[in-house]
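Tertiary structure, described
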Amino acid sequence: MHSAIELNAVSKQYNEIIAVNNVNLTIPTAEIFGLLGPNGSGKSTTLKMLMGLVQPTAGQVTVLGIDVQKDPVAVKRQVGYVPESPDVYEFLTGIEYLDFIGDIYGVKPAEKQQRITEYLRALQLDGREGDMINSYSDGMKKKISLISAFLHKPKLLILDEPLNALDPRSARIVKDYLQSLKAQGVTTILSTHVLEIAEAVCDQIGIMYQGSILALGNMAELRQKASLPSSGLEDIFLKLTGTGDLRPVVEELLK
Ligand SMILES: Nc1ncnc2c1ncn2[C@@H]1O[C@H](COP(=O)(O)OP(=O)(O)O)[C@@H](O)[C@H]1O
Ligand SMILES: [Mg+2]
């Protein structure tokens, strides 16, 4: 049985910027994994490399046992992806877009209809599905993007800042839904710059900073690594990354 995700010595350089710096990471199936780090730490670039949307400058990316560079289409078929800023088709209505995505993934019409109706209701978008997406708020666009990622029941979800812009109730519903998918064997990797989200949702957390994963583990393991048995993630982050000059980084994460 392969892991859900494997990164072997993966780097990505944009001109002179090293966005991701020699990352090694293995994520087992049926886990919710969080990449936690401040803006610019390389989270989105890492997730895009998992999707085959960005080519690594070094290293190898394997998703669900598939070499992403060799067969990006096979990966995309089995994965649900929510980009940081959903680029959903603004000139379609919500329901037209979801219908279109369901058809692309070959979801059977009756099942597609039923699932779309349930998701729209759960995320309180029912009644607005006939409106043009360009009239939606950022949070509503994020919800449409999430539904489109869930629609074909993928084995793996790659979610870039999935709870950003969501109201607390919808954020809660998405968190609970990810937990119930996990119980069905679905793996989720998500990025967040918010400590509380990582702490509340994730089984394992990778603390990312300047393109590297500085520390990895569940909360108990991270606490142990930092020798801070009863601390929250904020203290652990400070300890693991060296205190002092990283205070502003942590404050940024807590905003
Ligand atoms: N398309 C790009 N071209 C040039 N630089 C980029 C590009 N995408 C990201 N970067 C740079 O790579 C670094 C990591 O960015 P990103 O992966 O978006 O971080 P995060 O998602 O953690 O905020 C940043 O310095 C960012 O400016
Ligand atoms: Mg990002």
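Criteria and thresholds
Residues numbered from 1 in each chain as written. Chains lettered and ligands numbered in written order. Predicted model: local features only at pLDDT ≥ 70, side-chain atom pairs only at ≥ 80, totals over all residues. Helix = DSSP H or I, 4+ residues; strand = E, 2+ residues; numbered from the N terminus. Buried ≥ 20, exposed ≤ 12 C-beta atoms within 10 Å, placed from the backbone. Contact = placed C-beta atoms within 7 Å. Pairing = 2+ DSSP bridges. Near = placed C-beta within 6 Å. Core = buried A, V, L, I, M, F, W, Y, C linked by C-beta atoms within 7 Å. Axes fitted to C-alpha atoms, helices over the stretch in contact; angles between N-to-C directions.

Turning our attention to the overall build of the protein chain. Counting its secondary structure elements, the protein chain contains 10 helices and 10 strands. Split into buried and exposed, the 255 residues of the protein chain put 41% on the buried side. Considering only contacts within the protein chain whose residues lie at least 6 apart along the sequence, 68% involve residues at least 24 apart.

Among the 6 residues of strand E9 (residues 204-209), 5 are classified as buried, and the element is accordingly described as predominantly covered. Judged from the 4 bridges that link them, strand E3 (residues 32-36) and E9 form a sheet pairing that is parallel. When the bridges of E9 are listed, Phe 33 appears paired with Gln 204. Note: E9 against strand E10 (residues 212-217), 5 bridges, orientation antiparallel.

Another point: the site of ligand 1. All residues adjacent to ligand 1 are Tyr 14, Ile 17, Ala 19, Gly 37, Asn 39, Gly 40, Ser 41, Gly 42, Lys 43, Ser 44 and Thr 45. The set of elements that each furnish at least two residues to the shell around ligand 1 consists of strand E2 (17-27) and helix H1 (43-50).

On to the nonpolar core, then. Core analysis: the largest hydrophobic core is formed by 67 residues, its most contacted members being Ile 5, Leu 50, Val 63, Ile 147 and Ile 158. By residue number, the principal contributor to this core is helix H5 (residues 138-150), which donates 6 residues. Look past the residues within four positions of Val 63 in its chain and what remains in contact with it is Ile 5, Leu 50, Val 68, Val 75, Val 79 and Leu 156.

This brings us to the sheet that holds E10. The strand order across the open sheet built from 6 strands is E6-E7-E8-E3-E9-E10, with neighbouring strands paired in mixed fashion. Strands at the two margins of the open sheet, each flanked by one partner only, are strand E6 (79-82) and E10. Adjacent strand axes in the sheet meet at a mean angle of 15 degrees when their direction is disregarded. For E6 and strand E7 (residues 156-160), the ladder comprises 4 bridges, and the chain directions are parallel. For Gly 80, the partnering residue across the bridge sits in E7 and is Leu 157. Sitting on the sheet, H5 is in contact with E6 and E7, with an inclination near 170 degrees to E6.

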